[in-house]
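Analysis of the macromolecular model
Each chain, letter by letter, is given below.
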Amino acid sequence: MRAVGQNDKYRPRRGVRTGLTVLALATIASACGQGGGEKVQPAAGQQPLQAPPARALDSYATKLRAAHAARVAAAKRWGLKKVPLTAPPPPAKKPAITTREGFEVDGHRRLGLPPVFTTVPTKQRILFLTIDDGEEKDPAFLRMMSELKVPYTSFLSDYLVKEDYGYFKQMRDRGAGLHNHTLHHPYLPALSYARQKREICGMQEIMEERYGERPVLFRPPYGNYDRNTLRAAKACGITHVPLWNEEVFVDRWDYREWDRSLHPGDIVLSHFRGPDDWKGTMPDMIRRFLNKVTAEGYAVARLEDYL
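Description of the structure in this document. (Residues numbered from 1 in each chain as written. Predicted model: local features only at pLDDT ≥ 70, side-chain atom pairs only at ≥ 80, totals over all residues. Heavy atoms only, no water.)

**Examining the pattern of salt bridges**
Selection rule: Salt bridge criterion: a side-chain nitrogen from Lys or Arg within 4 Å of a carboxyl oxygen from Asp or Glu. In this description a helix means any DSSP run of H or I spanning at least four residues, a strand means any run of E spanning at least two, and both kinds are numbered starting from the N terminus. Buried residues are those whose accessible area, probed at 1.4 Å on protein chains only, stays under 20% of the maximum for their type, while exposed residues exceed 50% and partly exposed ones sit between those limits.
On inspection of all chains with the given rule, the structure shows 14 salt bridges. Among the salt bridges present, the one from E257 reaches R100, with a minimum N-O distance of 2.9 Å. With E257 in the loop between β7 (253-255) and β8 (267-271) and R100 in the loop between α2 (51-77) and β1 (116-117), this pair connects stretches of sequence that are 157 residues apart. Here E257 falls in the partly exposed class, since its relative accessible area comes to 21%. On the accessibility criterion, R100 (25% relative accessible area) is partly exposed. The partner of R273 in a salt bridge is D133, with the nearest N and O atoms 2.6 Å apart. Remark: D133 occurs in strand β2 (residues 126-133) and R273 occurs in the loop between β8 and α8 (282-295); sequence separation between them is 140 residues.

**A short note on the nonpolar core**
The cut-off we apply is this: Side-chain atoms within 4.5 Å link the members of a nonpolar core, which is a set of buried Ala, Val, Leu, Ile, Met, Phe, Trp, Tyr and Cys residues. The contact definition used throughout considers only heavy atoms, calling two residues in contact when any of these lie within 4.5 Å.
Formed by 45 residues in total, the largest nonpolar core has its most connected members in F141 and M171. For this core, the secondary structure elements donating two or more residues are α2, β2, α3 (139-148), α5 (165-173), α6 (193-211), β7 and α8. Among residues more than four places away in sequence, those in contact with M171 are F141, L142, Y152, S154, A176, L178 and F272. Counting 32 residues, the second-largest nonpolar core is a separate cluster that includes F103, L188, V241 and L243.

**Thoughts on the state of the cysteines**
Every disulfide links exactly two cysteines, by a covalent bond between their sulfur atoms. Quick note on the threshold: Whenever a pair of cysteine sulfur atoms sits within 2.5 Å, that pair is classed as a disulfide.
Scanning all chains against the criterion turns up one disulfide. One disulfide bridge connects C201 with C236, the sulfur atoms lying 1.8 Å from each other. Across the S-S bond of C201 and C236 the torsion is about -100°, and the bridge reads as left-handed. Of this pair, C201 sits in helix α6 while C236 sits in the loop between α7 (227-235) and β5 (241-242), and the two are 35 residues apart along the sequence. Using a relative accessible area of 13% as the deciding quantity, one classes C201 as buried.

**Observations concerning the side chain of Q204**
To keep it simple, the criterion reads: Any pair of N or O atoms that falls within 3.5 Å is considered a polar contact. Within protein, one atom must be able to donate a hydrogen and the other to accept it, and sequence-neighbouring residues count only if both atoms are side-chain atoms.
Note that Q204 resides in helix α6. Here C236 takes part through its backbone oxygen, which lies 3.0 Å from a polar atom of the side chain of Q204. Dropping the residues within four chain positions of it, Q204 is found in contact with N180, R214, P215, C236, G237 and I238.

This is the structure in structure tokens:
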């Protein structure tokens with residue numbers, strides 16, 4: 001049976017709200033600008049604009065300014081060159097996800113196996129950050145991602161996560177998605193269907209026990225899989241198998257595509273690693289990631305919102 005390998009080394013719409021705010025403020029200004037001190041009568045069927053809506057608009061504008069100021073301060077505190085861009089709201093209708101050409105297994109469509117993909121179909125300049133395994137548990141990383149409001153998705157292996165389940169609970173509580181990367185991170189195509197299923201379903205059970213739900217996303221270790229892998233994943237409740245188009249390290253980027261460039265909807269891979277494995281820390285890796293994507297006009301979006 002052919003194995004597919006990847007050689008891994010290890011909200012409300014802003015524009016509408018802004019438009020309504022401008023329109024309301026213009027209405028207020030128009031009413032206040034009537035001369036002679038006469039009371040302005042509303043058109044039939046309308047009510048005069050009272051003070052509470054004006055105060056609500058002012059409060060909303062104040063909150064926006066405060067949120068932006070906090071992001072500016074966080075970017076400076078974490079040594080970023082620019083403030084990370086904010087992703088647009090996710091689409092009301094999610095894009096159709098299909099298996100990338102060349103990544104299929106025998107009978108992929110006939111068996112209804114989960115799609116394997118490296119990019120989400122979109123024309124928006126967004127990327128998706130995913131981080132694998134769970135070896136490094138750096139508290140500074142959690143603070144950095146929370147302060148910068150950068151979404152990301154984690155794929156976890158129990159043999160590493162079990163050292164500190166609480167760390168990843170904090171991650172989940174701060175908005176990160178937690179998903180399946182098997183119990184022991186084996187090379188799956190070398191295992192029988194039954195053993196692959198134990199690796200995947202076993203991790204589903206751990207995730208449900210520790211974090212309250214069974215994931216629907218699965219990433220095979222090293223990016224390697226065969227038909228049995230996808231059959232087992234489907235049997236365990238997996239709906240999608242995201243791989244990646246780029247990988248970011250502390251000191252470099254690796255690319256799948258020949259043009260060595262970022263593309264709208266690309267999934268980016270990194271790992272929970274620290275100074276024992278890298279020439280730097282998790283925050284160093286995130287700094288490298290954000291500096292590049294922001295300079296190229298990309299925002300980071302939440303993968304789960306598009307699947």
